[in-house]
Amino acid sequence: MSQPPRNLLTAAFPLFLLRELPFERFAFPRWQSWLALVLIGLLVGLDPGYRAGAPQLPLAAVMGANVLLVLLLTPLVVTLLRVWLKRGGRWDGQGELFNLLVASWLLPDVLGAGLTALGVPALLTVPLWLYSVWVTGNALAGAIPRVSLAYTVAGVLLSVVVSLLLYGLGLGLILAAVGGMYG
């Protein structure tokens, strides 16, 4: 029996449909995950709300700041979830957690950021962002037999809150520094 292809897209689509996949399905090259994070960061940077808040800044500066923050904060989210999932011996730490997380984020985050970039009010995309948390929690619960969906969703929410606080702080500092160059 042949192995199913292992790449980010063949993992992301079933996860978006809330299908459970074993960790083996996330053994694809890590560069695919990094590239997906760049795409997410670029799309988030296209949010008209960011441009309205800093109209004097070039679009490239806002997009670059978002890409940088997404790339810097993702390892923090992975670390927080790794610690959370290992609590109480629930997970042995084996498996591509980084790739699993990015695969679970890819479709809902690209859709949410893409819709926002197209001018859909952010409030209308909240259900999609909440679905992203659910997709990630479901993906983790499916790959790690000893954790429940509720436990994984709690861990995802915890890591999202921490990363959003740091994201806001980081984005404010970067845009203030770049804004000083253009002000």
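Cut-offs applied
For every chain, the first residue of the written sequence is number 1, and numbering continues from 1 along that sequence. Per-residue local features of the predicted model are confined to residues with pLDDT of at least 70, and side-chain atom pairs are confined, for both listing and counting, to 80 or more; whole-chain, interface and lining totals are unaffected and use all residues. With hydrogens and water excluded, all non-hydrogen atoms of the structure serve as input to the side-chain values. Strands here are runs of E lasting at least two residues and helices are runs of H or I lasting at least four, both read from the DSSP assignment and numbered beginning at the N terminus. Here the expected span of a helix is defined as 1.5 Å times the quantity of residues minus one. Think of it in three bands: with a 1.4 Å probe and only protein chains considered, a residue is buried below 20% of the maximum accessible area for its type, exposed above 50%, and partly exposed in between. Whether two residues are in contact is decided by their heavy atoms: any pair within 4.5 Å suffices. Under the convention used here, Asp and Glu are negative, Lys and Arg are positive, and both His and the chain ends fall outside the count. For this document, the term salt bridge refers to a Lys or Arg side-chain nitrogen within 4 Å of an Asp or Glu carboxyl oxygen. Any N or O atom pair separated by 3.5 Å or less is treated as a polar contact, with the protein-specific requirement of one donor-capable and one acceptor-capable atom, and with residues adjacent in sequence counted only for side-chain atom pairs. Each pair of aromatic rings taken from Phe, Tyr and Trp, with Trp reduced to its six-membered ring, is defined by centres within 6.5 Å and is described as stacked if the planes are under 30 degrees apart, edge-to-face if over 60, and tilted in the remaining cases. Lines fitted to C-alpha atoms define the axes here, with helix axes fitted over just the stretch in contact, and angles between the N-to-C directions of these axes take values from 0 to 180 degrees. Working definition: roughly parallel below 35 degrees, roughly antiparallel above 145 degrees, roughly perpendicular at 65 to 115 degrees, and oblique for all remaining angles. Each helix crossing is assigned a hand: it is left-handed if the near helix lies turned anticlockwise from the far helix by less than a right angle, otherwise right-handed if that turn is clockwise. Under the scheme applied, nonpolar residues are Ala, Val, Leu, Ile, Met, Phe, Trp, Tyr, Cys and Pro; charged residues are Asp, Glu, Lys and Arg; polar residues are all the others, including Gly. Every patch collects residues that have over 30% relative accessible area and no salt bridge, joining them within 9 Å if they carry like charges and within 5 Å if they are nonpolar side chains (Val, Leu, Ile, Met, Phe, Trp, Tyr). Accessible surface area values rest on a Shrake-Rupley calculation with a 1.4 Å probe, where residue burial reflects the displayed protein chains alone.

Colleague: Explain helix α2 (residues 30–45) here, please?
Modeller: Each turn of an α-helix holds 3.6 residues, which means side chains three or four residues apart point in the same direction. With 16 residues, α2 extends 23 Å from end C-alpha to end C-alpha; this agrees with the ideal 22 Å at 1.5 Å per step. Taken together, the buried positions of α2 are occupied by Q32, S33, A36, L37, I40, G41, L43, V44 and G45.

Colleague: Please explain the side chain of T116 as it appears in this structure.
Modeller: Within the fold, T116 resides in helix α5 (residues 97–117). What T116 contacts, discounting residues up to four positions off in sequence, is D47, P48 and T125.

Colleague: Any chance you could explain helix α4 (residues 59–86) here in plain terms?
Modeller: An ideal rise of 1.5 Å per residue puts 40 Å on 28 residues; α4 measures up with 41 Å between its terminal C-alpha atoms. Just past α4, the residue G88 takes up positive phi, approximately 65°.

Colleague: What's the story with the side chain of D109 in this structure? I'm lost.
Modeller: Take D109: it is sitting in helix α5. Buried and unpaired, D109 has no salt bridge, with R30 as the nearest side chain of opposite charge at 17 Å. Among the polar contacts listed, one links the side chain of D109 to the side chain of S132, at a separation of 2.9 Å. Those residues in contact with D109 that lie beyond four places of it in its chain are I40, G114, W129 and S132.

Colleague: I'm lost on the packing of aromatic side chains in this one. Help?
Modeller: Each aromatic ring pair is summarised here by two numbers: the centre-to-centre distance and the angle between the ring planes. Tallying each qualifying case throughout the model produces five aromatic pairs. Arranged with centres 4.9 Å apart and planes meeting at 40°, the rings of W34 and F98 form a pair that is tilted. Of this pair, W34 sits in helix α2 while F98 sits in helix α5, and the two are 64 residues apart along the sequence. The exposure class assigned to W34 is partly exposed, which follows from its relative accessible area of 32%.

Colleague: I keep staring at the environment of D92 and nothing clicks. Help me out?
Modeller: Note on placement: D92 falls in the loop between α4 and α5. Each C-alpha atom, one on D92 and one on T116, is 38 Å from the other, the two residues being 24 residues apart in sequence. Those residues in contact with D92, other than ones at most four positions away along the chain, are K86 and R146. Here the side chain of D92 touches Q94 through a polar contact of 2.9 Å, landing on its backbone nitrogen.

Colleague: For this particular structure, what's the right way to read the pattern of salt bridges?
Modeller: Pairs may arise between side chains of opposite charge once their charged atoms sit close together. Counted according to the given criterion, the structure contains one salt bridge. Between R30 and E96 there is a salt bridge, with its nearest N and O atoms 2.8 Å apart. Of the two residues, R30 sits in helix α2 while E96 sits in the loop between α4 and α5, which places them 66 residues apart along the sequence. On the basis of relative accessible area, R30 is assigned to the partly exposed category, the value being 39%. Residue class for E96 comes out partly exposed when judged on its relative accessible area of 27%.

Colleague: Sorry if this is basic, but what is going on with unusual backbone geometry here?
Modeller: Backbone phi values are negative for most residues with the exception of glycine, while trans is the configuration of most peptide bonds. One non-glycine residue, L18, lies in the positive phi region at around 65°. Looking at the element boundaries, L18 is found in the loop between α1 (8–16) and α2. The exposure class of L18 is partly exposed, given its relative accessible area of 32%.

Colleague: Help me out: how do you make sense of the packing of α2 against α4 in this one?
Modeller: Angle between the axes and distance between the axes: these two values describe a pair of packed helices. Where α2 contacts α4, the two axes come as close as 8 Å, and the packing angle between them is 135°. As the angle between them shows, α2 and α4 are arranged oblique. In this structure, the crossing between α2 and α4 has a hand that is right-handed. Contact residues: α2 offers W34, L37, V38, G41, L42, V44 and G45, while α4 offers L59, V62, M63, N66, V67, V70, L71, T74 and P75. Per-class residue counts for the contact of α2 with α4 are 12 nonpolar, four polar and no charged.

Colleague: Mind showing me how you'd approach a nonpolar patch on the surface here?
Modeller: A contiguous nonpolar patch, built from L123, V126 and L130 and spanning about 310 Å² of accessible area, is present on the exposed surface. The residue L123 is located in helix α6 (residues 122–143) in this model.

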